[in-house]
Amino acid sequence: MSSVATPAPVSRRRRRRRTKLQRRQVRLAWLLLLPALAVVAFVALYPLGKTIYQSFTNQEFLALQPTKWVGLDNYHQLIHDTIFRDSVVLTIKFTVITVSFEFVLGLIIALVVNSHFTGRGIMRAIMLVPWAIPTVVAAKMWAWMLNDTYGVVNDLGMRTHILSHPHAWLATPSTVLLSACAVDIWKTTPFVALLLLAGMQVIPNDLYEAASVDGANQLQQFWRITLPLLRPAILVTLIFRTLDALRVFDVFQVLFGYRLGAQSMAVVNQSTIVLDGHVGYGAAMSVAIFLIISLFVVIYVTFVRVSEQ
Amino acid sequence: MWSRTPNARRSGERHGVNGTGRVPVHAQKGRGRVKYRRALLVLGLIGAVALVAALSIVAASGAGTTSASRGSATIPAPKVPNAKAIRKKYGGQSITFVGDSVGNGHVRDTALATRFTHDTGIKVTVQPHPAASDQAYADLVRAFSSKSSSIDVAMIDVVWPGAFAPYLVDLKPKLGKQAKLHLASIVANDTIKGKLVAMPWFGDYGILYYRTDLLRKYGYKAPPKTWSQLFSMAAKIQAGERKTNPTFSGFVFQGNAYEGLTCDSLEWLSSVGAGHIIDNGKVTINNAKARTILDAFRKQIGKITPQGVTTYQEDQTEGAFDNGNAAFARNWPYQYGIGAGAGSKVKGKFSVTVLPHGSGGHSVGTVGGWQLAVSKFSKHKGAAIEFVRYMTSPAVEKFDAISNSNVPTIVSVAKNKAVVKANPYLKPAIASVPRVTRPAKFLGARYNEASKVIYQGINQILTGTPASQVLPQIKSRLQQIMK
């Protein structure tokens, strides 16, 4: 072990002539890694590779002709697909709105439940209820709440005179994005709060004590201690939420079905493959979504690197 | 769990810092607080789990109430003829039937399957398909393309035989004789390249439901003949009824972006002489008459219909009408049985007639209807065919027509006095209305995709985009598909 760890410059000839023990250890290491590598290859690399391959073919469900290689045809078609383009714009808007709201609200909630008060245990458990409800159920509940004739949202709005007449939240194009965001923010803010709370709890308490001894007030403590030390947790949270929001499917599918102008990227992709039966074209769409999401990952990771330096 | 350890430690530390040196007391106090907090946490978690469970149950049961609770099968399911011979040959085998989910369809399927199992010893598992028929189609596509033997008998829409023919068993050798009892036009629709790939089960066509009591109350002697009459009658009745019932609407139909809207809009278009979306292999939807009628409907959304009608499917339409919240409704005949049944608030207060038309056309009804087919990948084809034989027999069609108001495909059953009495839409004046068919024959396996283009476009018009902007898009997308 120790000889491997020494960072002495080793010539190529010497490295090749490893000791018997070293070779055995390397072999053992590969052997132990093999199951994990096989699993990764099977569940991640194979589907990804197959999807990329399919995106260059004209594969169909219930195909009348045999599948053949069509090169970049699918991608060419995708660039001119206005329905898909609209869904990309809608999904990115959805992501920006939901992630920012969830972050701000989640941070406030995390700060509250991180302080000491009676009933904090119950509070923390209750806080997680929306997140524990399956998204399909939550979306269905919201669909009833937002219903134009018997929904509770309109009822409350009318009683408090905020609304002059009942509004069809889900049926009107202008409130489509608002409704979807409301469901997602309600459901996912607890998750953001949970991640941030975990980050807050590893901040050593003596920092706050030293700060109060030095006369820093609560606000200064938040800006100078909590926020900087929370940065790793914040970045993880934002990456998690952004990627999740970009691949949103259930909220949109349950609330709007397949209405034009109310489809997320994943809904368009699913309907292309499942309803239309275009496996090849749908695969190209999946690859495009993959690239869009990767773009966000690259931006975040670069941001993390820059901020670490 | 995630918080207890670090916090306990932290509070201990604080005691150490702030305390006066009497360590044992503080330690005790700390332990007490940890115990108390743990109890609270456990309580909270139990509460949360219970809440989630309760909400899920409420959501799940709420979804089911619209159809399941109004079961109205008043007569027993008919006996299986020749049951002994079938039991001898196939008894003990199990088959899976992918059946109905709209209205009382699943209740009927289960009742018939139970009877069949009881008589023949063939175990039938009934699986309801998704209520939106385009989703049901997608499910079958996946099952067939993976050569799955998990489906033996499937309920297939009148527009699907062309697409599914390669995956279905030719029923002619065994059921050819029984097929002769059914309407020849539907049998022809189900015969692809000389093979009978499906047996007609029940028919469907769009009809207008109207409230006889409200028409009388507002001084109308007869149901509307034209769309503009319907719009003005609906407006007047709605204005009057809103005073006592704020959720009342004049007219409801299937406006959601799904297969049902393709059916509804085909009726609007062809009843004003605007063609049938695709005529003689050419896309004809982008014409002046189509723009006029579609824009007329757009202007009525939220005025005489609920604003949310653009999210309605069959069950929401039926719910609104049968709860007494609508004066007119467009739906399939199955709604008649539910409306005349025990749970309905409009029992004895409504009637049916043909759909209205425009000045340049005549009333029509979109052909719907369902067939039963046997999968080529079934492991028990013999038993499956016997089940189809039973389900499409005159006795079962009569049972279905009387207890569920579905349109019989067997001519003698459709003329049976008891059946006509239970289903006034079978009266010649309504049943003989010209039928229009969705453009499936021009599209074959790509029908579902084309229908999506149609219903998404029409839904876009209904939610506010002028027809002149949408129709050219529908046209070019359909042309792309037909290329």
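Residues numbered from 1 in each chain as written. Chains lettered and ligands numbered in written order. Predicted model: local features only at pLDDT ≥ 70, side-chain atom pairs only at ≥ 80, totals over all residues.

Topic: the overall build of chain A
Formally: Under the scheme used here, helices are H or I runs from DSSP no shorter than 4 residues and strands are E runs no shorter than 2 residues, and both carry numbers assigned from the N terminus. Atoms counted for the radius of gyration: C-alpha only. Globule rule: 2.2 Å times residue count to the power 0.38. Three classes are used. A residue is buried when 20 or more other C-beta atoms lie within 10 Å of its own, exposed when 12 or fewer do, and partly exposed in between, with C-beta atoms placed from the backbone. In this description, a residue-residue contact is defined by the distance between C-beta atoms placed from the backbone, which must lie within 7 Å.
For chain A, the helix and strand inventory stands at 15 helices and zero strands. The C-alpha radius of gyration of chain A comes to 26 Å, more than 25% above the 19 Å expected for a compact globule of 309 residues. Expressed along its principal axes, the backbone C-alpha trace of chain A runs to roughly 85 × 80 × 30 Å. A total of 309 residues make up chain A; the buried ones form 31% of that total. Within chain A, contacts between residues separated by at least 24 positions form 68% of all contacts whose residues are at least 6 apart in sequence.

Comments concerning the overall build of chain B
Across its full length, chain B carries 21 helices and 15 strands. Of all 483 residues assigned to chain B, the portion counted as buried reaches 51%. Considering only contacts within chain B whose residues lie at least 6 apart along the sequence, 75% involve residues at least 24 apart.

Details of the confidence of the model for chain B
Residue and element names in this part refer to chain B. What counts is decided by this rule: The score called pLDDT rates the predictor's confidence residue by residue, from a low of 0 to a high of 100.
Averaged over every residue, the pLDDT of chain B is 86; residues scoring 70 or more account for 85%. Contacts of residues 58–73 to residues separated by more than four positions or lying in other chains number 27 contacts, the stretch itself having pLDDT below 50. Listed scores for the predicted complex are pTM 0.81 and ipTM 0.82.

Quick word on the nonpolar core
Heads up, the rule is: For this entry, the nonpolar core is defined as buried Ala, Val, Leu, Ile, Met, Phe, Trp, Tyr and Cys residues connected by C-beta atoms within 7 Å.
Counting residues in each nonpolar core, the largest one holds 171 residues, and the members touching the most others are Phe-328, Phe-387 and Val-388 of chain B. If you tally residues by element for this core, the top one is helix α20 (residues 447–462) of chain B, at eight residues. Here Phe-387 of chain B is in contact with Ile-95, Phe-97, Phe-116, Ile-122, Val-124 and Val-153 of chain B, once residues within four sequence places are set aside. Residues Leu-107, Ile-109, Leu-194 and Leu-196 of chain A belong to the second largest nonpolar core, which totals nine residues.

Overview of the confidence of the model for chain A
Parts of the prediction with low pLDDT should not have their coordinates interpreted in detail. All names here are of chain A. Summing up the model confidence of chain A, the mean pLDDT is 89 and the portion of residues at 70 or higher is 94%. Confidence, expressed as mean pLDDT per element, reaches its minimum in chain A at helix α1 (residues 2–5) with 45 and its maximum at helix α5 (residues 82–114) with 95. Low pLDDT, under 50, characterises residues 1–8; the stretch is placed with one contact to residues that sit more than four places away or in other chains.

Focus: unusual backbone geometry
Here the phi dihedral of His-161 of chain A falls at roughly 60°; this positive angle occurs in a residue that is not glycine. Of note, His-161 of chain A is situated in the loop between α9 (152–159) and α10 (176–201). Judged by the 7 C-beta atoms lying within 10 Å of it, His-161 of chain A falls in the exposed class. Positive phi, close to 50°, is recorded for Lys-193 of chain B, a residue that is not glycine. Taking the number of C-beta atoms within 10 Å as the measure of exposure, Lys-193 of chain B has 9 and is therefore exposed.

A closer look at the domain arrangement of chain A
What counts is decided by this rule: Delimitation of the domains relies on an automatic or database domain assignment.
Here chain A is partitioned into domain 1 (2–54) and domain 2 (73–308). Put simply, the middle of domain 1 of chain A and the middle of domain 2 of chain A, counted by C-alpha atoms, are 39 Å apart.

Details of the environment of Leu-230 of chain B
All names here are of chain B. For Leu-230, the location among the structural elements is in helix α10 (residues 227–241). For Leu-230, a count of 23 C-beta atoms within 10 Å gives the class buried. Sequence separation between Leu-230 and Leu-355 is 125 residues; the distance between their C-alpha atoms is 9.7 Å. If sequence neighbours within four positions are ignored, Leu-230 has contacts with Pro-224, Phe-251, Phe-328 and Pro-356.

Section: the environment of Ser-264 of chain A
All names here are of chain A. Mapped onto the elements of the fold, Ser-264 is located in the loop between α13 (250–256) and α14 (265–275). By the C-beta count within 10 Å, which is 26 here, Ser-264 ends up buried. With near-sequence residues (within four places) excluded, Ser-264 lies in contact with Ser-87, Leu-90, Thr-91, Phe-94, Val-248, Phe-249 and Phe-252.

As for the pairing of strand β1 (residues 94–99) of chain B
Residues and elements named next belong to chain B. Short version of the rule: Only strands that DSSP links by at least two bridges are regarded as paired with each other. The definition of a right-handed crossover adopted here requires that, viewed with the strands pointing away, the path from the first strand over the helix to the second runs clockwise.
A large share of β1 lies buried, amounting to five of its six residues. Pairing geometry for β1 and strand β2 (residues 123–128), over six bridges, is parallel. Among the inter-strand pairings, Val-98 is bridged to a residue of β2, identified as Gln-127. Taken together, β1, helix α4 (residues 105–120) and β2 form a β-α-β motif whose crossover is right-handed. Sheet topology note: the β1/strand β3 (residues 153–157) ladder contains two bridges and is parallel. Note that in β3 the partner of Phe-97 across the bridge is Val-153.

Details of the domain arrangement of chain B
One frequent convention defines the size of an interface as the accessible area lost when the parts assemble. Residue and element names in this part refer to chain B. Taken domain by domain, chain B consists of domain 1 (83–204 + 368–428) and domain 2 (207–367 + 438–482). On a C-alpha basis, the centroid separation for the pair domain 1 and domain 2 is 28 Å. With 23 residues of domain 1 at the interface, the matching set in domain 2 holds 28 residues. If you list the elements that add at least two residues to the side of domain 1 that touches domain 2, you get α5 (133–145), α6 (161–164), β13 (365–374) and α16 (394–404).

Details of the sheet that holds strand β12 (residues 350–353) of chain B
Residues and elements named next belong to chain B. For the record, the criterion: Between N-to-C directions, angles span 0 to 180 degrees; the directions come from axes that are lines fitted to C-alpha atoms, helices contributing only their stretch in contact.
Taken in spatial order, the four strands of this open sheet run β8-β11-β7-β12, and their pairing is mixed. The sheet terminates laterally at β8 (249–252) and β12, the two strands that pair on one side only. Neighbour-to-neighbour, the strand axes of this sheet turn through a mean angle of 15°, independent of strand direction. Relative to β12, strand β7 (residues 207–211) is paired through four bridges, and the arrangement is antiparallel. Note that in β12 the partner of Tyr-209 across the bridge is Val-352. On top of the sheet, α10 reaches β8 and β11 (326–331); it is set at about 140° to β8, its chief contact. Helix-sheet contacts for helix α13 (residues 314–322) involve β7, β8 and β11, and the interaxial angle to β11 is about 150°.

Examining the pairing of strand β6 (residues 199–205) of chain B
All names here are of chain B. Judged by how many residues are buried, β6 sits mostly within the fold: seven of seven residues are covered. The sheet contact formed by β6 and β13 spans six bridges and is antiparallel. Bridged to Asp-204 within β13 is Gly-368. With two bridges connecting them, β6 and strand β14 (residues 407–408) associate as antiparallel partners. If you follow Phe-202 over to β14, its bridge partner there is Pro-408.

Considerations on α16 of chain B
All names here are of chain B. Among the 11 residues in α16, nine count as buried, and that is most of the element. Within α16 the residues assigned to the buried category are Val-396, Glu-397, Lys-398, Phe-399, Asp-400, Ala-401, Ile-402, Ser-403 and Asn-404. Of the residues trailing α16, Ser-405 is marked for its positive phi of about 45°.

Things to note about α10 of chain B
Residues and elements named next belong to chain B. Keep this limit in mind: Here the expected span of a helix is defined as 1.5 Å times the quantity of residues minus one.
Taking 1.5 Å per residue as the helical rise, α10 with its 15 residues ought to reach 21 Å, and the 21 Å between its terminal C-alpha atoms agrees with that figure. Buried within α10 are the following residues: Trp-227, Leu-230, Phe-231, Met-233, Ala-234, Ile-237, Gln-238 and Glu-241. Those residues of α10 that are buried are in contact with α9 (212–217), β8, α12 (288–300) and β11.

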